[in-house]
Amino acid sequence: MNKSLAPVPPTGLHSASGRRRRRAPLVWIAGIVGLLAVAAGLWLASGVWAPSPASSESVVDMDGNAVVLEDPIEDPEVLAQMNVVEDDGERFTVPSVGLDVPLGGLDMVDGEITPPGFTSAYTVRNLGTPEDPSAGTTYVVMHSIPDPGVAPGNYLIDVADGRAAVVAGEQVHVGEAVYELDSSYVVDKAELSQRAELWVDRPGRLVIITCQQLPSGERSVQNTVIGAHLVVP
């Protein structure tokens, strides 16, 4: 696995509930799972659940239904730099909510993180220290999508109550590493990058970010951030 860099401010992250935003002079974060640092934005790949059979070329949710991507990344150079792996042979699991999905990986490119799929969780290889969980922070991003679609992030959020669906003390497995949940909070996407403490590379820490969906099914305007500490390297 490539050596990761210390957290740096990203400029954008793509989400499953909105259009891709270009870098701007102001801090901005929008997207499903966003993560990144202090003077920049976060973004997640936009998508809309579509109640239709999936074709061989469709991007699908966990139930096999097509997810229509908005503004997909089409630049082959950017796609190559992202170096996306949908399944690295390990699993991301949260037993308390029944989440068990492939663990993939991707690289942040030009300050933007764009998870390409809706059935995997992704470590961000060049943010924090994912190759050595004991030495620093591991960042994991994943999509959630509006009901009735199902993506990994949907297991982690309580849409009706507007909060995380997991609580302190529950376990998260990132490959062989086992973490215990400490806390969670919901933050406006426009404020996520300003949470300086979120981007500090702390030994044995896990940060999970996904979109907090709205009961109305309208575009998500908040992210859910879940923190945990390492108990089994």
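Within every chain, residues take consecutive numbers counted from 1 along the sequence as written. Only residues with pLDDT of at least 70 are given local features in this predicted model, and only at 80 or more are side-chain atom pairs given and counted; all residues enter the totals for whole chains, interfaces and linings. Note that water and hydrogens are dropped before the side-chain values are worked out from all heavy atoms of the structure.

Asks: Explain the pairing of strand β8 (residues 121-128) to me, please; I cannot follow it from the model alone.
Replies: For a regular strand, side chains alternate in direction, first toward one face of the sheet and then toward the other. Burial analysis of β8 places eight of its eight residues in the buried class, which makes it a mostly covered element. In this structure, strand β6 (residues 99-106) lies alongside β8, joined through four bridges in parallel fashion. Counterpart to Leu103 in the pairing with β8 is Ala121. Any two strands between which DSSP finds at least two bridges are classified as paired. In this text, helices come from DSSP runs of H or I with a minimum length of four residues, and strands from runs of E with a minimum of two, each type numbered from the N-terminal end. Of the pairings in the sheet, the one linking β8 to strand β9 (residues 137-141) comprises three bridges and is antiparallel in character. Buried, partly exposed and exposed residues are distinguished by accessible area as a fraction of the type maximum, computed with a 1.4 Å probe on protein chains only: under 20%, between the cut-offs, and over 50%, respectively.

Asks: What is the right way to read the sheet that holds strand β13 (residues 177-188) from this model?
Replies: For sheets, the rule is that strands pair by backbone hydrogen bonds, running either parallel or antiparallel. The strand order around the closed barrel formed by eight strands is β5-β6-β8-β9-β14-β15-β13-β12, and the pairing between neighbours is mixed. Each neighbouring strand pair of the sheet contributes to a mean axis angle of 35°, computed without reference to strand direction. Looking at chain direction, β9 and strand β14 (residues 205-212) are connected through five bridges and run parallel. Looking at the pairing, Thr137 lines up with Arg205 of β14. Convention adopted: a line fitted to C-alpha atoms gives each axis, helices being fitted over their contacting stretch, and angles between N-to-C directions are expressed from 0 to 180 degrees.

Asks: Please clarify how the environment of Thr129 should be interpreted in this entry.
Replies: Counting through the fold element by element, Thr129 comes out in the loop between β8 and β9. Counting along the chain gives ten residues from Thr129 to Tyr139, while the straight-line C-alpha distance between them is 8.4 Å. Looking at Thr129, its side chain comes within polar contact range of the side chain of Asp201, at 2.6 Å. Nitrogen and oxygen atoms within 3.5 Å of one another constitute a polar contact, given that in protein one can donate a hydrogen and the other can accept it, and given that sequence-neighbouring residues count only through two side-chain atoms.

Asks: In this structure, what is going on with the side chain of Thr138? I would like to understand it.
Replies: Among the secondary structure elements, Thr138 is positioned in strand β9. Dropping the residues within four chain positions of it, Thr138 is found in contact with Thr123, Thr129, Pro130, Pro133, Tyr179, Arg205, Leu206 and Val207. We call two residues in contact whenever any of their non-hydrogen atoms come within 4.5 Å of each other.

Asks: What's the story with the confidence of the model for the protein in this structure? I'm lost.
Replies: Note that predicted coordinates carrying low pLDDT should not be read in detail. Within the protein, residue pLDDT values average 79, and 74% of them lie at 70 or more. What pLDDT expresses is the predictor's confidence in each residue, scored from 0 to 100. Taken as a whole, residues 1-9 scores under 50 in pLDDT and shows 28 contacts with residues more than four places along the chain or in a different chain. Residue range residues 16-46 is modelled with pLDDT below 50. Its contacts to residues more than four positions away, or to other chains, number 175 contacts.

Asks: What exactly am I supposed to notice about the pattern of salt bridges here?
Replies: Should their charged atoms come close, side chains of opposite charge can pair. Any carboxyl oxygen of Asp or Glu within 4 Å of a side-chain nitrogen of Lys or Arg constitutes a salt bridge here. Summed over all chains, the structure comprises four salt bridges. The closest approach of N and O atoms between Arg91 and Asp100, which form a salt bridge, is 2.8 Å. Among the residues examined, Asp100 registers a relative accessible area of 44% and is labelled partly exposed. The salt bridge partner of Asp107 is Arg125, with a shortest N-O separation of 3.1 Å. Of the two residues, Asp107 sits in the loop between β6 and β7 (112-113) while Arg125 sits in strand β8, which places them 18 residues apart along the sequence. Its relative accessible area of 13% is what places Asp107 among the buried residues. Owing to a relative accessible area of 9%, Arg125 belongs among the buried residues under this scheme. One salt-bridge network, held together by shared partners, links Asp158, Asp161 and Arg163.

Asks: Teacher, can you tell me more about unusual backbone geometry here?
Replies: Most peptide bonds are trans, and most residues other than glycine sit at a negative phi. Of note, the amide linkage connecting Asp147 to Pro148 takes the cis form, showing an omega dihedral of 10°. A positive phi angle is found at Asn83, which is not glycine, with a value near 50°. Note on placement: Asn83 falls in the loop between α1 (76-82) and β5 (85-94).

Asks: I'm lost on the nonpolar core in this one. Help?
Replies: One recurring pattern in soluble globular proteins: nonpolar side chains tend to sit buried together. Side-chain atoms within 4.5 Å link the members of a nonpolar core, which is a set of buried Ala, Val, Leu, Ile, Met, Phe, Trp, Tyr and Cys residues. Formed by 21 residues in total, the largest nonpolar core has its most connected members in Phe92, Leu156, Val172, Val174, Tyr179, Leu206 and Ile208. Where this core is concerned, the elements lending two or more residues are β5, β6, β12 (171-174), β13, β14 and β15 (222-232). Not counting the four nearest positions on each side in its chain, Leu206 is found in contact with Thr138, Val140, Val172, Val174, Tyr179, Ile226, Gly227 and Ala228. Grouped together as the second largest cluster of nonpolar side chains are 15 residues, Ile113, Val124, Val187 and Val225 included.

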